[in-house]
Amino acid sequence: KIKEAIKQNYTKPDISLNKVARHFNVPQRYVSQMFQGDIGTGFTDYVNTKRIHHAVQLLEDTDYTVAEVSSMSGFSNVTTFIRVFKRYKGTTPGSYRQRIAE
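Read on for an overview of the structure. Fair warning: this is a prediction, and the values are worked out from it, not measured in the lab.

Attention now goes to the packing of helix α2 (residues 17-24) against helix α3 (residues 28-39). Relative to each other, α2 and α3 sit at 110°, their axes nearing to 8 Å. Classified by the angle their axes make, α2 and α3 are roughly perpendicular. When α2 is examined against α3, the residues L17, N18, V20 and A21 are found in contact with a partner set consisting of Q28, V31 and S32. Classifying every residue of the contact of α2 with α3 by side-chain character gives 4 nonpolar, 3 polar and no charged.

Tallied over the full model, the rule gives 5 aromatic pairs. When the ring of F35 is compared with that of F43, the centres are 5.6 Å apart and the planes differ by 90°; the resulting orientation is edge-to-face. The two residues F35 and F43 agree in class, both being buried. A centroid spacing of 5.2 Å and a plane angle of 50° characterise the contact between F75 and F81, whose relative ring orientation is tilted.

What follows deals with the pattern of salt bridges. If you walk through the whole model with that rule in mind, you get 1 salt bridge. For D14, the salt bridge is made with K19, and the minimal N-O distance between the two is 2.9 Å. A residue is classified by how much of its surface remains accessible, and D14, at 45% relative accessible area, is partly exposed.

So, on to the side chain of T91. Structurally, the position occupied by T91 is in the loop between α6 (78-89) and α7 (93-101). What T91 contacts, discounting residues up to four positions off in sequence, is F85, K86, Y96 and R99.

This paragraph deals with the nonpolar core. Grouped together as the largest cluster of nonpolar side chains are 12 residues: I2, I6, Y10, I15, V20, A21, V31, M34, F35, F43, Y46 and V47. Elements with a contribution of two residues or more to this core: α1 (2-9), α2, α3 and α4 (43-61). Among the nonpolar cores identified, the runner-up in size contains 11 residues, and A55, L59, F81 and Y96 belong to it.

The next point concerns the packing of α1 against α3. One way to put it is that α1 packs onto α3 with a least axis distance of 12 Å and a crossing angle of 95°. Classified by the angle between their axes, α1 and α3 sit roughly perpendicular to one another. Two secondary-structure elements touch here, α1 through I2, K3 and I6 and α3 through Y30, V31, M34, F35 and I39. In terms of residue class, the contact of α1 with α3 is built from 7 nonpolar, no polar and 1 charged.

Between its first and last C-alpha, α6 extends 16 Å over 12 residues, near the 16 Å set by a 1.5 Å rise per residue. Of all the residues in α6, the buried ones are F81, V84 and F85. In a view along the axis of α6, the buried residues occupy a sector of 105°, so they form one face of it. In α6, the exposed residues that point more than 90 degrees away from the buried face are T79 and R87. Looking at the buried residues of α6, the elements they touch are α4, α5 (66-72) and α7. Near the N-terminus of α6, the side chain that reaches the backbone nitrogen of T79, with its oxygen 3.1 Å away, is that of N77. One or two positions beyond α6, positive phi appears at G90, with a value near 80°.

Definitions and limits used
Residues numbered from 1 in each chain as written. Predicted model: local features only at pLDDT ≥ 70, side-chain atom pairs only at ≥ 80, totals over all residues. Heavy atoms only, no water. Axes fitted to C-alpha atoms, helices over the stretch in contact; angles between N-to-C directions. Helix = DSSP H or I, 4+ residues; strand = E, 2+ residues; numbered from the N terminus. Parallel < 35°, antiparallel > 145°, perpendicular 65-115°, else oblique. Contact = heavy atoms within 4.5 Å. Nonpolar A, V, L, I, M, F, W, Y, C, P; charged D, E, K, R; others polar. Phe/Tyr/Trp six-rings, centres within 6.5 Å; stacked < 30°, edge-to-face > 60°. Buried < 20%, exposed > 50% of the residue type's maximum accessible area, 1.4 Å probe, protein only. Salt bridge = Lys/Arg side-chain N within 4 Å of Asp/Glu carboxyl O. Core = buried A, V, L, I, M, F, W, Y, C linked by side-chain atoms within 4.5 Å. Expected span 1.5 Å × (residues − 1). Arc of directions from axis to C-beta. Polar contact = N/O pair within 3.5 Å; in protein donor to acceptor, adjacent residues only side chain to side chain.

Taken by themselves, the reported measurements are silent on function.
Structure below.
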C-alpha cells in the first residue's frame, strides 16, 4: 500500500518519509526499513527514481521547458531537479534532450 501511495503521489513536491509514515500510522523507521529490506533502496532514492523516470518521459515526448518538467516531476525547484537528474542519468536534462533529438 505504501508503494502504491508513492506511485500516485511522487509528483507532489511535499511527499516525504514523515508524511507517508503518518498517513499509514506507522513509525518512520518502519517505512525506511521496509524500503531498505524489501526494495533494496532508501525512500528518497525510490521517490527520486520515479521522478526521474517521469522526467525522462516528458523530456523525450514533449516540448515542456526543463523548469516545467522539473515541476511536473515533483521537484520543488529546478536547481535540485538538475542536480538529481545529473546524479541518476549522468547528464543534465537539457543535454539529455539535445542528445535524444540528434
